[in-house]
Amino acid sequence: MELNNVKDSVGVADDLPTTVDVLIAGAGPTGLALGIDLARRGVRALVVERQDRLSPGARGTGVQPRTQEVYEDLGVLDAMRAVGGQYPPLGLWEDGRITEVSEMIERVDPTPAVPHSTALMVPQFRALEVLHARLTELGGSVLLGTELTAFTQDADGVTVRLQRAGASHTVRSAYLVAADGGRSTVRRELGTGMSGPSLEPGVALLADVRIDGLDRDHWHRWILPNGAFSALLPLAGTDLFQTLIAAPEGSTDTSPEAVRTLLSTRTHLAPEQIREVVWSSLFRPRAGMADSYRTGRVFLAGDAAHVHSPAGGQGLNTSVQDAYNLGWKLGQVLRYGAPDSLLDSYGTERRPIAAHILDTSTRLHRSGSLRRGRDLHQLDLGYPDSPLTRELRTDLAEGTPVAGDRAPDAPCRTADGRPTRLFDAFRGPHFTLLALGDIELDEAQLPADPALLRVVRVGGPAPDLLDADGHVQDAYGSGPAVLLVRPDGYLALGAPAEGATARVSAALADIAGTAALQPAG
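What this report covers is the structure whose coordinates are included nearby. What you are looking at is a predicted structure, and each value in this text was computed from that prediction instead of being measured.

Thresholds applied
Residues numbered from 1 in each chain as written. Predicted model: local features only at pLDDT ≥ 70, side-chain atom pairs only at ≥ 80, totals over all residues. Heavy atoms only, no water. Helix = DSSP H or I, 4+ residues; strand = E, 2+ residues; numbered from the N terminus. Buried < 20%, exposed > 50% of the residue type's maximum accessible area, 1.4 Å probe, protein only. Contact = heavy atoms within 4.5 Å. Areas by Shrake-Rupley, 256 points an atom, 1.4 Å probe, with all protein chains shown as cover. Lys, Arg positive; Asp, Glu negative; His and termini not counted. Charge placed at Lys NZ, Arg CZ, Asp CG, Glu CD. Pairing = 2+ DSSP bridges. Phe/Tyr/Trp six-rings, centres within 6.5 Å; stacked < 30°, edge-to-face > 60°. Lys NZ or Arg CZ within 6 Å of the ring centre and 35° of its normal. Polar contact = N/O pair within 3.5 Å; in protein donor to acceptor, adjacent residues only side chain to side chain. Core = buried A, V, L, I, M, F, W, Y, C linked by side-chain atoms within 4.5 Å. Salt bridge = Lys/Arg side-chain N within 4 Å of Asp/Glu carboxyl O.

## Points about the overall build of the protein chain
Across its full length, the protein chain holds 11 helices and 28 strands. In terms of principal-axis extent, the alpha carbons of the protein chain reach across some 75 × 55 × 40 Å. Residue burial in the protein chain is summarised as follows: out of 521 residues, 56% are buried. Put simply, of all contacts in the protein chain between residues at least 6 apart along the chain, 70% involve residues at least 24 apart. Surface summary for the protein chain: the accessible area is close to 20,700 Å², and the carbon and sulfur share equals 48%. Distance between charge centres in the protein chain, computed from 49 positive and 65 negative side chains, equals 4 Å.

## Quick notes on the pairing of strand 2 (residues 45-48)
The alternating pattern of strand 2 places Ala 45 and Val 47 on one face and Leu 46 and Val 48 on the opposite face, and all of these are buried. Examined bridge by bridge, strand 1 (residues 19-25) and strand 2 share four bridges and lie parallel to one another. What sits directly across from Ile 24, in strand 2, is Val 47. Bridge count for strand 2 against strand 7 (residues 141-143) is three bridges, and the pairing is parallel. Its bridge partner being in strand 7, Leu 46 is matched across the sheet by Ser 141.

## Things to note about the packing of aromatic side chains
Within this structure, the stated rule accounts for eight aromatic pairs. Plain terms: the ring middles of Trp 93 and Trp 222 are 5.9 Å apart, the flat faces sit at 15° to each other, and that makes the pair stacked. Note that Trp 93 is positioned in strand 4 (residues 90-94) and Trp 222 in strand 13 (residues 219-223), a separation of 129 residues in sequence. Both residues of the pair, Trp 93 and Trp 222, belong to the buried class. Taken together, the ring pairs in this structure connect Tyr 175, Tyr 293, Phe 299 and Tyr 346 into an aromatic cluster. One cation-aromatic arrangement involves Arg 216 over Phe 241; the distance from NZ or CZ to the ring centre is 4.9 Å. The residue whose ring lies beneath Arg 221 is Phe 229, and the NZ or CZ to ring-centre distance is 4.4 Å.

## With respect to the side chain of Arg 406
Mapped onto the secondary structure, Arg 406 falls in the loop between strand 21 (390-391) and strand 22 (411-414). For Arg 406, a relative accessible area of 10% gives the class buried. Of note is the side chain of Arg 406, whose polar atom sits 2.8 Å from the side chain of Glu 69. Within the local environment of Arg 406, its side chain forms a polar contact with the backbone oxygen of Ala 113, the two atoms lying 2.7 Å apart.

## Regarding the nonpolar core
Nonpolar side chains in soluble globular proteins generally cluster together in the buried interior. Core analysis: the biggest nonpolar cluster contains 95 residues, and Leu 23 and Leu 484 have the highest contact counts within it. If sequence neighbours within four positions are ignored, Leu 23 has contacts with Leu 46, Val 48, Leu 148, Val 160, Leu 162, Val 171, Ser 173, Tyr 175, Leu 176 and Val 177. Ranked by size, the runner-up nonpolar core spans 18 residues in total, among them Ala 410, Cys 412, Leu 434 and Val 458.

## Focus on the sheet that holds strand 11 (residues 194-195)
Overall, antiparallel pairing links the three strands, which are arranged 11-17-20 in an open sheet. Two strands in the sheet have a free side with no partner beyond their single neighbour: strand 11 and strand 20 (306-307). Across two bridges, the pairing between strand 17 (residues 288-290) and strand 20 is antiparallel. Within the sheet, the bridge partner assigned to Gly 288 lies in strand 20 and is Val 307.

## Side note on the pattern of salt bridges
Think of it this way: side chains of opposite charge can pair up when their charged atoms draw near. Throughout the structure, instances matching the rule amount to 27 salt bridges. Notably, a salt bridge pairs Glu 349 with Lys 329, separated by 2.7 Å at the nearest N-O pair. Residue Glu 349 is located in helix 8 (residues 344-367), and its partner Lys 329 is located in helix 7 (residues 315-336); the two are separated by 20 residues in the primary sequence. Across the pair, Lys 329 and Glu 349 agree in class, each one buried. A single network of salt bridges, built from pairs that share partners, joins Glu 72, Asp 409, Arg 421, Asp 424 and Arg 427.

## Observations regarding helix 1 (residues 29-39)
Note: α-helices contain 3.6 residues per turn, so residues at a spacing of three or four share the same orientation. Counting buried residues along helix 1, 11 of its 11 residues qualify, which places the element largely inside the surrounding structure. Along helix 1, the residues that are buried comprise Pro 29, Thr 30, Gly 31, Leu 32, Ala 33, Leu 34, Gly 35, Ile 36, Asp 37, Leu 38 and Ala 39.

This is the structure:
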């Protein structure tokens, strides 16, 4: 099995485009997810990656439920499931046998509102292959073996210098997004500082290995008397185990021989059972958040904007959702003439999320806990204090989603009786206007472009969807009301039935662009 066989032969030709709408530095999960979102919006984006292949290594494997919803919208969830799987129970080894078995990943039953309810294990190298394939399918481009070496910006765009195969190229873009990791070249050149909690100094060895004579039904763990531990996780869809050796006594040797020696010293495994070391790296936990996510036309996303302890499995998920938040806003500005100030909301919304995740992962890191519960699923994170959020309803029942909250799913039926879901209506780059109940809504005064806005009536005299089993009412309340769902699946507006058309138009004018001011009529 060859890992990450996406190499330098893919991407655009050597004659680089001279202009693009968005240049994305870094082809990790953040950069590829952003590339996908922009490609489906018709935005010309180019992803460049310094390495000559997509990054190897299983690295972060946990895909939280909220990220699964993002992946479903981006059209990659089925492929992720095909190369992933569930986490096995944790098996604690003592005296050459498993003495205790426990569930480290809390398994939660799905509900109508939360169809993806348990973390999914996907080795990161597999996730990158899936994301790259989707980006290519949509006509997007990745240029591997290409390093961003310098950039300058002015009022109209960013001039980027790229180095590829010994030759220098210049590309002009409207915006530059740095998704180039925790040691971001772009962040350093901007002079943007990082602040956050200090973590105890330490090091961990990560490796992907092939092992004989160890079952794949457990996440194996060994604990030394001094508290240091080693763990071997069978990676779904592969014959590999992900190795984590905490505090390997100051060693910086990641050679196969060193990994084999450490594993055989820390576990009951004999050196000859450790058949092959496919990939290895040292990891030193850090925690911090960029002081600003935007400097002019340059944005930081993913690890370039925030770094976390891996405790809690939050880093990759937060990074993908950065891309999901930024993508639709860039699309509205570049395609629909939304004000540039819309892009300021990216940092306004995402920095508090990063701060919360930093607190959570740091707490888990210091406690030594490996537990993964529903509080880490990121389903309850939202943007209640965002300038894009308008909640105009009063006297709502407790638990009713309000503007700023994630828009829940709900099984329902089409007008002719076919089963469907609200997530099916939300899927795509558009805003969705949910009209719940008997709403007087003058659609001729709203944008006609379905790529911008889709109106979905639930109930009422001429419904698009029927709430036959009451799941929509359970999720959103009894109405009548209008709810404007953002392209990233959060509620931008909650308004009563009275004056619904004017309220929706006003909300769209602020966040959707000048096209929203052109009514269908």
